[in-house]
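Coordinates in review
Residues per chain, in single letters:
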Amino acid sequence: MSAIDSPSGQQTKTYDSAFMKACRREPVPHTPVWFMRQAGRSLPEYLKVREGIPMLESCMRPELVTEITLQPVRRHKVDAAIFFSDIVVPLKAIGIDLDIKPGVGPVVAEPIRRRADLDRLRALTPDDVRYVTEAIGMLTGELGTTPLIGFAGAPFTLASYLVEGGPSRNHEHTKALMYGDPELWADLLDRLADITAAFLKVQIEAGASAIQLFDSWVGALAPADYRRSVMPASAKVFRAVEQYGVPRIHFGVGTGELLGLMGEAGADVVGVDWRVPLDEAARRVGPGKALQGNLDPAVLFSTPEAVETKTREVLDAAAGLEGHIFNLGHGVLPTTDPDALTRLVEYVHTRTAR
Ligand SMILES: Cc1c2[nH]c(c1CCC(=O)O)Cc1[nH]c(c(CCC(=O)O)c1C)Cc1[nH]c(c(CCC(=O)O)c1C)Cc1[nH]c(c(C)c1CCC(=O)O)C2
């Protein structure tokens, strides 16, 4: 029996929370809410504790990670915490020379483009990320019945940073490799799937109640290419953590045409950006899966009335879903007014109270 039926440890404490129930498509007392990038630059208390500490270094300090992860839970009363880290942390942990440049994103010193470069992608062991186990141990003690979401970058999105050497608009080097050397591409994604799965296992074994696989940039692909060149690696990641029975969320941006396949890859919950209404997303995903989303993060810059109107539209479109977790369609934008986020949580809770 899996932990989803027969929970143990930290998963037991959080089992009856609204977030976990929605993931399992069970009735909920209210629609649960959390925000991608809820921890971070929108919060003055985050800017204060991060002062003078580089991003990647902050991910390796368990006490700081604990404090930053808890900040949005305290302030906004969200229904879940997301572990403070970054998708490139496991790559850094196995010795890839990379940095996160403020205002830019992850930058890789030597891009991976040839067969010999694969040797740099060695397997990840729990010892490589002891600070993650330690931070999650501290966090779950503090969180009580609030679930902690662990996460990792999906093989395609990680490959994109590694092959391009940094953030990219068109992913031209990535696609050149994918189409030009399918064998090397498949081997690259397979190695990344193993690293990603190992990183997620560490988080689940330390006490994460759910996991989210971020394939942020996979919306750049057509469905046939996704199915052939990406889905096998993402499916391998989901299969590797299936034994734990924790809910698995799968998210990407601009993935309207991929929603069905992203569910098929092995997710229990499919994340939807703001471009596809949730009722239409449910048709594309099919039965047996919950949905997460999907207010446009830019709406939060509008008037409180407009935020309520657009939020009602999301909730109305979600009314017939088997399970709904309210979220933004992508991460909180850095200059968002934090009070607008607090009001949004309260509005969704009040409006959906049963
Ligand atoms: C693509 C991606 C990355 N990192 C992540 C993704 C997938 C999510 C998405 O699609 O947005 C995932 C991520 N990164 C971070 C989190 C923290 C948890 C949370 O959501 O609250 C999560 C879930 C912290 C972070 N990761 C980063 C920050 C900002 C750095 C800072 O505060 O100094 C934070 C809080 C840096 C980062 N790291 C990355 C980018 C694009 C950036 C932004 C660069 C910038 O604008 O400065 C890569």
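Residues numbered from 1 in each chain as written. Predicted model: local features only at pLDDT ≥ 70, side-chain atom pairs only at ≥ 80, totals over all residues. Heavy atoms only, no water.

Regarding the sheet that holds strand β7 (residues 269–271)
Read across the sheet, 7 strands follow the order β1-β4-β5-β6-β7-β8-β9 without closing on themselves; strand pairing throughout is parallel. If you trace the sheet from one side to the other, it starts and ends with β1 (81–82) and β9 (324–328), each paired once. Sheet topology places strand β6 (residues 248–251) next to β7; 2 bridges connect them, and they run parallel. Note on β7: the bridge partner recorded for His250 is Val270. Here helix α12 (residues 231–242) sits on the sheet and contacts β5 (210–214) and β6; the angle it forms with β6, its principal contact strand, is near 165°. (Pairing = 2+ DSSP bridges. Helix = DSSP H or I, 4+ residues; strand = E, 2+ residues; numbered from the N terminus. Contact = heavy atoms within 4.5 Å. Axes fitted to C-alpha atoms, helices over the stretch in contact; angles between N-to-C directions.)

A word on the environment of Trp217
Among the secondary structure elements, Trp217 is positioned in the loop between β5 and α11 (223–229). When the C-alpha atoms of Trp217 and Thr157 are compared, they prove to be 5.6 Å apart, with 60 residues separating the residues in sequence. Beyond its immediate stretch of four places on either side in the chain, Trp217 contacts Phe156, Thr157, Ser160, Tyr161, His171, Val253 and His330. Engagement of the side chain of Trp217 in a polar contact is seen with the side chain of Tyr161, the distance being 3.0 Å. (Polar contact = N/O pair within 3.5 Å; in protein donor to acceptor, adjacent residues only side chain to side chain.)

Structural notes on the site of the ligand
Close to the ligand lie 26 residues; Arg37, Tyr46, Asp86, Ser216 and His330 are nearest. Backbone polar atom of Arg37 to an oxygen atom of the ligand: 2.5 Å apart, as the coordinates give it. Within the contact set of the ligand, a nitrogen atom lies 2.7 Å away from a side-chain nitrogen or oxygen of Asp86. Taking 870 Å² as the accessible area of the ligand by itself, protein coverage stands at 91%. Going through the elements one at a time, α3 (44–50) and β3 (105–108) are the ones with two or more residues in the shell around the ligand. The residue inventory of the shell around the ligand, partitioned by class, reads 16 nonpolar, 6 polar and 4 charged. (Near = heavy atom within 4 Å. Areas by Shrake-Rupley, 256 points an atom, 1.4 Å probe, with all protein chains shown as cover. Nonpolar A, V, L, I, M, F, W, Y, C, P; charged D, E, K, R; others polar.)

Digging into the pairing of β6
Burial along β6 is two-sided: the residues Arg248 and His250 and Ile249 and Phe251 are all buried. Taken together, the 4 bridges between β5 and β6 define a ladder with parallel strand orientation. Following the sheet pairing, Ile211 is matched in β6 by Arg248. Handedness of the crossover joining β6 and β7 through helix α13 (residues 259–264): right-handed. (Buried < 20%, exposed > 50% of the residue type's maximum accessible area, 1.4 Å probe, protein only. Right-handed = clockwise from strand over helix to strand, strands pointing away.)

Some details on the UniProt feature "site: Transition state stabilizer" (unreviewed entry) in the protein chain
UniProt's entry tags Asp86 with the feature "site: Transition state stabilizer" (unreviewed entry), counted in the numbering of this structure. When you line up the elements, Asp86 lands in the loop between β1 and α6 (89–93). Relative accessible area serves as the criterion here: at 12%, Asp86 is assigned to the buried category. Other than its neighbours up to four places away in sequence, Asp86 contacts Met55, Cys59, Ile100, Pro106 and Phe151. (UniProt positions renumbered as here; feature names shortened; annotations may be inferred.)

Concerning the pattern of salt bridges
Pairs can form between side chains of opposite charge once their charged atoms are near each other. In total, this model carries 20 salt bridges according to the counting rule given. Here Arg75 and Asp339 are joined by a salt bridge, their closest N and O atoms 3.9 Å apart. Residue Arg75 is located in helix α5 (residues 62–76), and its partner Asp339 is located in helix α16 (residues 338–352); the two are separated by 264 residues in the primary sequence. Judged by relative accessible area, which is 27%, Arg75 ranks as partly exposed. Judged by its relative accessible area of 41%, Asp339 is partly exposed. (Salt bridge = Lys/Arg side-chain N within 4 Å of Asp/Glu carboxyl O.)

Here's the deal with the pairing of β9
Among the 5 residues that make up β9, 5 are buried, leaving the element largely enclosed by the rest of the structure. Burial along β9 is two-sided: His324, Phe326 and Leu328 facing one way and Ile325 and Asn327 facing the other are all buried. Two strands pair when backbone bridges link them, and strand β8 (residues 290–295) and β9 are joined in this way by 5 bridges, in the parallel orientation. Bridged to Leu295 within β9 is Leu328. Between the parallel pair β8 and β9, the chain is carried across by helix α15 (residues 304–317), and the sense of this crossover is right-handed.

Observations concerning unusual backbone geometry
A cis geometry characterises the amide bond from Gly293 onward to Asn294, with omega recorded as -5°. Its location among the elements puts Asn294 in strand β8. Located in the positive-phi region is Lys77, a residue other than glycine, with phi close to 60°. Assignment of secondary structure puts Lys77 in the loop between α5 and β1. Given the relative accessible area of 56%, Lys77 is considered exposed.

Section: the nonpolar core
Residues Phe19, Leu121 and Leu188 are the most contacted members of the largest nonpolar core, which totals 125 residues. The leading source of residues in this core is helix α10 (residues 182–206), at 13 residues. If we skip the residues at most four places from it in the chain, Phe19 touches Pro32, Trp34, Asp79, Ala80, Pro147, Ile149, Ala210, Ile249 and Ile325. (Core = buried A, V, L, I, M, F, W, Y, C linked by side-chain atoms within 4.5 Å.)

Section: the packing of aromatic side chains
Where two aromatic rings form a pair, the distance of their centres and the angle of their planes describe that pair. Counted under the stated rule, the structure contains 4 aromatic pairs. Considering the side-chain rings of Phe151 and Phe214, the 5.5 Å spacing of their centres and the 85° angle between planes classify their relative orientation as edge-to-face. A residue pair is termed long-range when its members are at least 10 positions apart, and Phe151 in strand β4 (residues 148–153) and Phe214 in strand β5 qualify at 63 residues. The pair Phe151 / Phe214 is uniform in exposure class, with both members buried. When the ring of Phe214 is compared with that of Phe251, the centres are 6.1 Å apart and the planes differ by 80°; the resulting orientation is edge-to-face. Residue Phe214 is located in strand β5, and its partner Phe251 is located in strand β6; the two are separated by 37 residues in the primary sequence. You'll find Phe214 and Phe251 in the same group, each marked buried. Ring-pair connections join several aromatic residues into one group, and the members of that group are Phe151, Phe214 and Phe251. Here the basic side chain of Arg24 rests over the ring of Tyr15, its NZ or CZ set 3.6 Å away from the ring centre. (Phe/Tyr/Trp six-rings, centres within 6.5 Å; stacked < 30°, edge-to-face > 60°. Lys NZ or Arg CZ within 6 Å of the ring centre and 35° of its normal.)

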